[in-house]
Amino acid sequence: MLGKYFQKPGKEEGDGAANAKGDRVPPGQHLAKGFPVLTYGETPQVSTEEWEFRVWGLAKSATFSWSDFMALPQHEFTADFHCVTRWSKLDVKWTGIKVTDFMSLIELDPKVAHVMEHCYGGYTTNISVEDFLREENFFAFKVFGEDLPSEHGGPMRLVVPHLYAWKSAKWINGLEFLAAEELGFWERNGYHRRGEPWAEERYSNAFGI
Ligand SMILES: Nc1nc2c(c(=O)[nH]1)N[C@H]1C(S)=C(S)[C@@H](COP(=O)(O)O)O[C@H]1N2
Ligand SMILES: [Mo]
């Protein structure tokens, strides 16, 4: 059942297109047409009124509303997006809130080394604190100037540009702070723990690929 997520899709634009911006396209990736949607399972429908965001684990537990997030500084971000199924989309224009700005509100236990991202719908993905607390990571609520559509993770998703896009949790609704690494949904199902696209960290060795 998970098989289709591991397949290499056909090339949509040839190598020529990839070469033109070759220095931006990680090895083994090709440029996608449009902005594909990659979701495992159902698409949650969550209004901003009901949207709630929790932090727990090795941090002071807290709950945030949509308006709590909207009170934080908002920025425009342009970032390339790399899916492990081998498509990339360059120059995605997002509007969002820096992870570092949000995290300035959180009291962390000094033992925290890992973070589990939680989502409406039950998806999870793990990330180290170093990879999470980077200036270029953000919570996005608009893409190309429009409210983030639900299929792309609206009303709010995480965007972590330097890792494969499965770390960019759609419909994010919580962060669990951990001392030791735990694996999220795809990581338990054979994806790499970290997922750095320039090093092609696609699958875990345990998966046998
Ligand atoms: N909650 C949730 N987040 C998710 C996923 C998912 O299935 N559920 N898929 C991931 C994967 S594999 C990719 S490539 C990107 C795709 O984002 P997009 O559908 O906006 O292109 O979302 C990531 N975040
Ligand atoms: Mo993906």
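Now for a look at the structure at hand.

The rules behind these values
- Residues numbered from 1 in each chain as written.
- Chains lettered and ligands numbered in written order.
- Predicted model: local features only at pLDDT ≥ 70, side-chain atom pairs only at ≥ 80, totals over all residues.
- Heavy atoms only, no water.
- Helix = DSSP H or I, 4+ residues; strand = E, 2+ residues; numbered from the N terminus.
- Buried < 20%, exposed > 50% of the residue type's maximum accessible area, 1.4 Å probe, protein only.
- Contact = heavy atoms within 4.5 Å.
- Areas by Shrake-Rupley, 256 points an atom, 1.4 Å probe, with all protein chains shown as cover.
- Pairing = 2+ DSSP bridges.
- Axes fitted to C-alpha atoms, helices over the stretch in contact; angles between N-to-C directions.
- Phe/Tyr/Trp six-rings, centres within 6.5 Å; stacked < 30°, edge-to-face > 60°.

### Thoughts on the overall build of the chain
- Within the chain, the regular secondary structure consists of five helices and eleven strands.
- Here the chain holds 209 residues, and the buried ones make up 52% of them.
- Taking contacts inside the chain between residues at least 6 apart in sequence as the whole, the part at least 24 apart equals 67%.
- Working note: accessible area of the chain is about 9900 Å², and carbon and sulfur atoms make up 49% of it.

### Brief notes about the sheet that holds strand E3 (residues 62-65)
- Taken in spatial order, the five strands make up an open sheet running E3-E2-E11-E6-E7, and their pairing is mixed. In this open sheet, the two strands that pair with only one neighbour each are E3 and strand E7 (124-128). Across this sheet, the average inter-strand angle for adjacent strands is 20 degrees, counted without regard to direction.
- The sheet contact formed by strand E6 (residues 114-119) and strand E11 (residues 172-178) spans six bridges and is antiparallel. When the bridges of E11 are listed, Val115 appears paired with Phe177.

### Focus: the packing of aromatic side chains
- Inspection of the entire model under this criterion finds 27 aromatic pairs.
- With a centroid separation of 5.6 Å and 85 degrees between ring planes, the pair formed by Phe53 and Phe139 is classed as edge-to-face. Note that Phe53 is positioned in strand E2 (residues 52-57) and Phe139 in strand E8 (residues 138-143), a separation of 86 residues in sequence. Taken individually, Phe53 and Phe139 each receive the classification buried, so the pair is uniform in this respect.
- With 5.8 Å between their ring centres and 65 degrees between their planes, Tyr191 and Tyr203 make a pair best called edge-to-face. Within this pair, whereas Tyr191 is found in the segment after helix H5 (185-188), its partner Tyr203 is found in the segment after H5, the two being separated by twelve residues in sequence.
- Note on Tyr191: relative accessible area 3%, which makes it buried.
- Site record: aromatic cluster; members linked through ring pairs are Tyr40, Tyr123, Tyr164, Trp166, Phe185, Trp186, Tyr191 and Tyr203.

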